Amino acid sequence: MKNLKQNILLVAAALSLILTSCNKDKKVTPVATPVTDGLYVLNQGLFNDNNSSLSFYSYTSKQVTPDIFNSVNGRGLGDTGNDIEIYGSKMYIVVNVSSTIEVVDAKTGKSIKQVKLFNGSTGRQPRDIVFYKNNAYVTSYDGTVAVMDTTALTVSQFITVGRNPEQLAVANGKIYVANSGGLGYPNYDKTVSVIDLNTLTVIKTLTVVVNPQNVVADNYGNVYVLSAGDYSANPSSLAIIDDNTDVVKSQTNFDGSNMAIQGDNIYFITSAGKIEVYNAKTQAISNPGFITDGTVITTPYCVAADGTTGEVFVTDAKDYSSNGTLYAFDKTGKKEYSITVGINPGKIAFLKN
Amino acid sequence: MQKKVHYLKSGLLRLSAGLLCFSFAFPFIASAQTDTTKKLKEVKINTKPLPNVQSLSPIQQVSANAFGQLSAFNVADAIRDFAGVNIKDYGGIGGLKTVSVRSLGAGHLAVLYDGVQINDAQNGQIDLGRLNLDNVQSITLYNGQPPEICLPARSFASASVLSIITIHPNLTAAKPYQVLLGVKGGSFGLANPYLQWQQRLSNRWSFIINSYWEKANGQYKYKVKGDGSDTSSTRTNGDLNAQEADGALYYTKSDSDKFNLHLNYYNSDRGLPGAVIFYNPVSNQRLWNRDIFVQSGYERLWQSSLHLLINTKLSQDYTRYTDPDYLNGQGGLNDRYNQWEFYLSGTLSYHLLSNWEISYATDIALTSLDATLYNYAYPTRFTLLNVLASNFNAGKWRFQGNLLHTYVDEWVKMGSAAPTRSIFSPTLMATYRPFNGYDLQVRAFYKDIFRNPTFDEQYYFAVNGARNIKPEFAKQYDAGITYRKALNSLLDYVTLTIDGYYNNVTDKIVALPNQNPAISSIINLGRVDITGVDAGLKTGTKTYDGWRGTLSVNYTYQDAIDVTDPTSSFYNQQIPYTPKNTIALNGGVDYKQLGLYYNQVLSSSRYYLSENLPENLVDGYAVSDVSLIYKFLVGNKPAVLSAHVDNLFNENYVIVRSFPMPGRSVLLSFQIKI
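Residues numbered from 1 in each chain as written. Chains lettered and ligands numbered in written order. Predicted model: local features only at pLDDT ≥ 70, side-chain atom pairs only at ≥ 80, totals over all residues. Heavy atoms only, no water.

Novice: It is not clear to me how the overall build of chain B should be interpreted in this structure. Could you clarify?
Specialist: In terms of helices and strands, chain B carries 5 helices and 35 strands. A compact globule built from 674 residues should have a C-alpha radius of gyration of about 26 Å, and chain B, at 24 Å, falls within 12% of that. Seen through its C-alpha atoms, chain B measures out along the principal axes to roughly 65 × 55 × 50 Å. For chain B, with 674 residues in total, the buried portion stands at 61%. Relative to all contacts within chain B whose residues are 6 or more apart in sequence, the contacts with residues 24 or more apart total 65%. (Helix = DSSP H or I, 4+ residues; strand = E, 2+ residues; numbered from the N terminus. Rg over C-alpha atoms; globule rule 2.2 N^0.38 Å. Buried < 20%, exposed > 50% of the residue type's maximum accessible area, 1.4 Å probe, protein only. Contact = heavy atoms within 4.5 Å.)

Novice: What should I look at first to understand the overall build of chain A in this one?
Specialist: Check the secondary structure of chain A and you find 2 helices and 30 strands. Residues counted as buried form 58% of the 353 residues belonging to chain A. Sequence-distant contacts, at least 24 apart, represent 43% of the contacts inside chain A between residues at least 6 apart. As displayed, chain A has an accessible area near 13,600 Å², and 52% of this comes from carbon and sulfur atoms. (Areas by Shrake-Rupley, 256 points an atom, 1.4 Å probe, with all protein chains shown as cover.)

Novice: Explanation requested: the sheet that holds strand β15 (residues 174–179) of chain A in the structure shown.
Specialist: As a general point, the strands of a sheet are linked pairwise by backbone hydrogen bonds and lie either parallel or antiparallel. Residues and elements named next belong to chain A. Strand order in the open sheet made by the 4 strands is β14-β15-β16-β17, with antiparallel pairing throughout. In the strand order of this sheet, the two ends are held by β14 (165–171) and β17 (201–207), each with one partner. The mean inter-strand angle of the sheet, taken between neighbouring strand axes irrespective of direction, is 25°. Across 5 bridges, the pairing between β14 and β15 is antiparallel. Of the residues in β15, the one forming a bridge with Leu 168 is Val 177. (Pairing = 2+ DSSP bridges. Axes fitted to C-alpha atoms, helices over the stretch in contact; angles between N-to-C directions.)

Novice: What exactly am I supposed to notice about the packing of aromatic side chains here?
Specialist: Aromatic ring pairs: the centre-centre distance and the angle between the two ring planes describe each pair. Residue and element names in this part refer to chain B. Counted under the stated rule, the structure contains 35 aromatic pairs over all chains. With centroids separated by 4.4 Å and ring planes inclined at 35°, the aromatic side chains of Trp 397 and Tyr 432 adopt a geometry described as tilted. One end of the pair, Trp 397, is in strand β20 (residues 397–411); the other, Tyr 432, is in strand β21 (residues 421–432), with 35 residues separating them in the sequence. Taking the relative accessible area as the measure of exposure, Tyr 432 reaches 27% and is therefore partly exposed. Here the aromatic rings of Phe 435 and Tyr 438 are separated by 6.2 Å at their centres, their planes lie at 75°, and the arrangement is edge-to-face. Overall, the relative accessible area of 44% leaves Phe 435 in the partly exposed class. (Phe/Tyr/Trp six-rings, centres within 6.5 Å; stacked < 30°, edge-to-face > 60°.)

Novice: Even after reading the chapter, I still don't get the sheet that holds strand β6 (residues 136–143) of chain B, so can you show me in this structure?
Specialist: The strand order across the open sheet built from 5 strands is β1-β6-β7-β4-β5 (chain B), with neighbouring strands paired in mixed fashion. Since the sheet does not close on itself, it has two edges, and those belong to β1 (59–63) and β5 (116–117) of chain B, each with one partner.

Novice: Which parts of the structure should I look at to understand the pattern of salt bridges?
Specialist: Where side chains of opposite charge bring their charged atoms close, a pairing between them can arise. Going through the model one piece at a time under the given rule, you end up with 29 salt bridges over all chains. With its nearest N and O atoms 2.5 Å apart, the salt bridge here joins B:Asp239 to B:Arg286. One end of the pair, B:Asp239, is in the loop between β12 (232–235) and β13 (240–254); the other, B:Arg286, is in strand β15 (residues 285–301), with 47 residues separating them in the sequence. Residue B:Asp239 is classed as partly exposed on the basis of its relative accessible area of 22%. Linking B:Asp439 and B:Arg433 is a salt bridge whose minimum nitrogen-to-oxygen distance equals 2.9 Å. Connected through shared salt-bridge partners, A:Asp83, A:Glu85 and A:Lys347 make up one network. (Salt bridge = Lys/Arg side-chain N within 4 Å of Asp/Glu carboxyl O.)

Novice: Would you take a moment to explain unusual backbone geometry for this structure?
Specialist: Phi is mostly negative for residues that are not glycine, and the peptide bonds are mostly trans. All names here are of chain A. Residue Pro 186 is bonded to the preceding Tyr 185 through a cis peptide linkage, with omega at 10°. Mapped onto the elements, Pro 186 comes out in the loop between β15 and β16 (191–196). Located in the positive-phi region is Gln 125, a residue other than glycine, with phi close to 60°. Residue placement: Gln 125 occurs in the loop between β9 (122–123) and β10 (126–132).

Novice: How do you make sense of the pairing of strand β13 (residues 155–160) of chain A when you look at a structure like this?
Specialist: The side chains of a regular strand alternate, residue by residue, between the two faces of the sheet. Residues and elements named next belong to chain A. Two elements, strand β12 (residues 144–149) and β13, share 5 bridges in a ladder whose sense is antiparallel. Bridging across to β13, Met 148 finds its partner in Val 155. Joining the antiparallel neighbours β12 and β13 is a turn of 5 residues, in which Leu 153 adopts a positive phi near 55°.

Novice: How should the confidence of the model for chain B be read in this particular structure?
Specialist: If pLDDT is low for a region, its predicted coordinates should not be looked at in detail. All names here are of chain B. Confidence in the prediction for chain B averages 88 pLDDT; 90% of positions are at 70 or higher. Counting interchain partners and residues more than four positions distant, the pLDDT-below-50 stretch residues 1–48 has 219 contacts. Taken as a whole, residues 516–520 scores under 50 in pLDDT and shows 13 contacts with residues more than four places along the chain or in a different chain. Of the two predicted TM-score estimates for the complex, the pTM is 0.89 and the ipTM is 0.88. (pLDDT = per-residue confidence, 0-100.)

Novice: So what exactly am I meant to see when it comes to the side chain of B:Ser268 here?
Specialist: Residues and elements named next belong to chain B. Inspection of the secondary structure puts Ser 268 in strand β14 (residues 257–272). A polar contact of 3.5 Å, which involves the side chain of Ser 268, links it to the side chain of Tyr 266. Here Arg 270 takes part through its side chain, which lies 3.3 Å from a polar atom of the side chain of Ser 268. Setting aside anything within four residues of it in sequence, one finds Ser 268 in contact with Asn 241, Ala 242, Leu 287, Trp 288 and Asn 289. (Polar contact = N/O pair within 3.5 Å; in protein donor to acceptor, adjacent residues only side chain to side chain.)

Novice: So what exactly am I meant to see when it comes to empty space enclosed by the protein here?
Specialist: Over the atoms rolls a probe the size of a water molecule, and its path tells where empty space is left. All names here are of chain B. As enumerated under the stated definition, the model contains 12 cavities of 30 Å³ or more in all. Residue lining of the largest cavity: 36 residues in total, with Asp 77, Arg 80, Asp 89, Tyr 653 and Met 661 positioned closest to the centre. Looking at the lining of the largest cavity, the elements with two or more residues in it are α4 (75–78), β2 (85–89), β28 (594–603), β31 (621–634) and β35 (665–673). By residue number, the principal contributor to the lining of the largest cavity is β2, which donates 4 residues. Of the residues in the lining of the largest cavity, the class split is 17 nonpolar, 12 polar and 7 charged. As a volume, the second largest cavity reaches approximately 600 Å³. Taken together, 35 residues line the second largest cavity, and the ones lying closest to its centre are Gly 107, Gln 117, Asn 119, Ser 158 and Asn 452. Where the lining of the second largest cavity is concerned, the elements lending two or more residues are β3 (97–101), β4 (109–113), β19 (380–394), β20 and β22 (440–451). Here the residues of the lining of the second largest cavity are counted per class, giving 17 nonpolar, 13 polar and 5 charged. (1 Å grid on protein atoms, 1.4 Å probe; cavity = no way out; pocket = protein on both sides within 12 Å on 5 of 7 lines; lining within 4 Å. Points joined across faces, edges and corners; volume = space filled by probe spheres on them. Nonpolar A, V, L, I, M, F, W, Y, C, P; charged D, E, K, R; others polar.)

In structure tokens, the structure reads:
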């Protein structure tokens, strides 16, 4: 068979001389060299294209390792990596459409376990992950929060919350889950589920503006829930929840998305593509234009601050289908450097020694 | 355009991505109609049956007798060897197959079924995999437009035209009927019985009925690349259950006075296997189509050379799409779409002089789309086309020119409608035959045409009514040489064609994935420059002791580069899914009633995204098919037995990323004529 195939293919080969043809698979030899300080950028890739990737940038060598998960593990992350967090020595990559949590060694990227989040043959579509006392809590679009032991890496239970939960945050021994209902358009959800971390049950469900997505908690007993609104009658809006009484203290229209907190600073991206800072202590916008050197970012996609260095990182998703860029700024908003990352760089994780 | 949508944050675009990707709605089957113009216009240049390559516009044709040689099961298979043709195939027996000609995109190709366009107002692309070949007589691809001018205006209104002509009854009083029974089956769990009944009712009246039933589980083996597994998996949820019934009544007083009435019904239920998502390959999406149309045609040619052509069509195309796994809290998606179209066309042509013909055509189409989508626009589109065309022959020269005027107006029930459009589109074609006695012809054409935004582009999840999208323009410049010669040697004939072309697309409609649906995610952004070459060779031997050989080779070169924005990372780079080089070869040997044929398609690698980066590469492929056909008599009834092996060498390849193509498959068929 093989011979016959080769013979007949000779004709084909002769004809294909002019074809630029067949690029051989570029096999990258797995490199599992331990890495030190740096950051990981999780690139979502494109829906249905299985091209989510992980970029690593080393502060010391100033080198970018593109698609490090693939080069280390010899397989791709899959479709639409949505969240990445480091807890202890492990890094957790939440892959939405593939419905997996890839647990890897945080320093090397080497796979420890692939946790599949399925309900029968249907993917639960995990979105976001937080940690509390050696447990990981993962929201999934099927309306659950999975509870996973970070040692055994097995899911012990699913807590039912609202529809299509997005982000979640831990505060005061509780978890606050933003139930977006985003897949139910136009019938969005508009609730925040409060889970008691002792009983692992939903103890309260709060009402906010439709389509809540971002959740962050500060050091002053506040939980911030940012709703995207419905893109027509209801604009985006910020709810501030008291984590003691679990009531919504305030709900105000707020032009922003993709919140990230570092210390007292809550960074977010405005609809005009500006990076602004809200101060948790003063409860006011402390910096209406973080970037001070005129750096233009086509499509700011994700913002994150490194607590140790004080640097702020902003990703650029460009046209949402080309490789993106990561910009590093010092704390005064001046650009330090930029690197090329993957498609739709949506989340950053900082690797500390 | 579709499916590049990336939008997971709100889930909305997720929905639209899924839909755009899988509901490729409204490809309808069959519209049939009066094709009679062809017969009247045919000029016998040579008594030998030479392939018809010499025409004003580049032309490639395949007839029913060659379908078997091409191992073709549907229209997409039958034309995959054509030069300049790029088939986007999502794989499998029920998988979407669309065609882009000369890199212009599927929306710039008009598919005519017996002269009347199959219109998909929602997506603008016809699933050629759905068009069965059982009742097809010939398929012709015209770059630019057909060379005849007594045609409906829609024939002039696209960058290229794929004309499908159905089989017409051709019976005598001695044997007033003919019944064709056949069955196909093989891989994919396919069973496809079909029936054709031709009946002569009187001197003037006859009818033909075609029907088939196609059932398949659609399963095939494939190998995923990149997920670390090295084992093959089985593609599931690709089942298909389709039925079609097509009846046509013909009245022929003479070749110059005829009428037909066509009724067509198509019904299908299929699984959509979806993209093979790493670690999560299961899909439970389904698509139902139920399309019905009635159309009629009347043609009259008077002694004075006045030529009249009237066509009408009324169609309804119903589509239902479900995805039970869609996590919207309502048990998944269950969307229904309903397209209605009323079409009326009238053409008059007249020879002012024996070498000068003029024609005037007017088409009216009223098209509406209903969808069970929140805040949907429910658009109705009125299209009025007027064409003034002329053919002129002067010695060694032939000229054709036409001016098309398009008027489009739209109404919506929700939001705002797209603005009224009024656009003139010129075409000029010329051929020159430099030498007497040589069948060598030089030709050139220029065509400036556009495609209107589809309903999806205009209204699909356009939160604030219609998106502000302009039509997408395509200018084509073509120059070519054709040569054909009847030979008296071992070879019977040889034909050669080569065309070089330059196309320029402006205001290309592109979908920009976007987080916020309030901001239009579909815009007129792109500019594409396309430089290409189509070349073809056809030859065949004479018959020696029952032996006869045929060979055809087509080559396509396409340099289709994005020239939208000099500052972008993909400026001057090849547009997605466009191979630079493609070769298609078909060769065969006939010995008496036996034929053995080999088909080979070679495609160079492509990029699946705009950035021509190594990680965005989709490998090239070489796919071979073999057919064995045996014709014999059962009693005195002619019968055909054939066996086809597709993808003979079991090549593991994809055309569209994440949609693996089937490996080796087998098809057996038997047909008998009573």
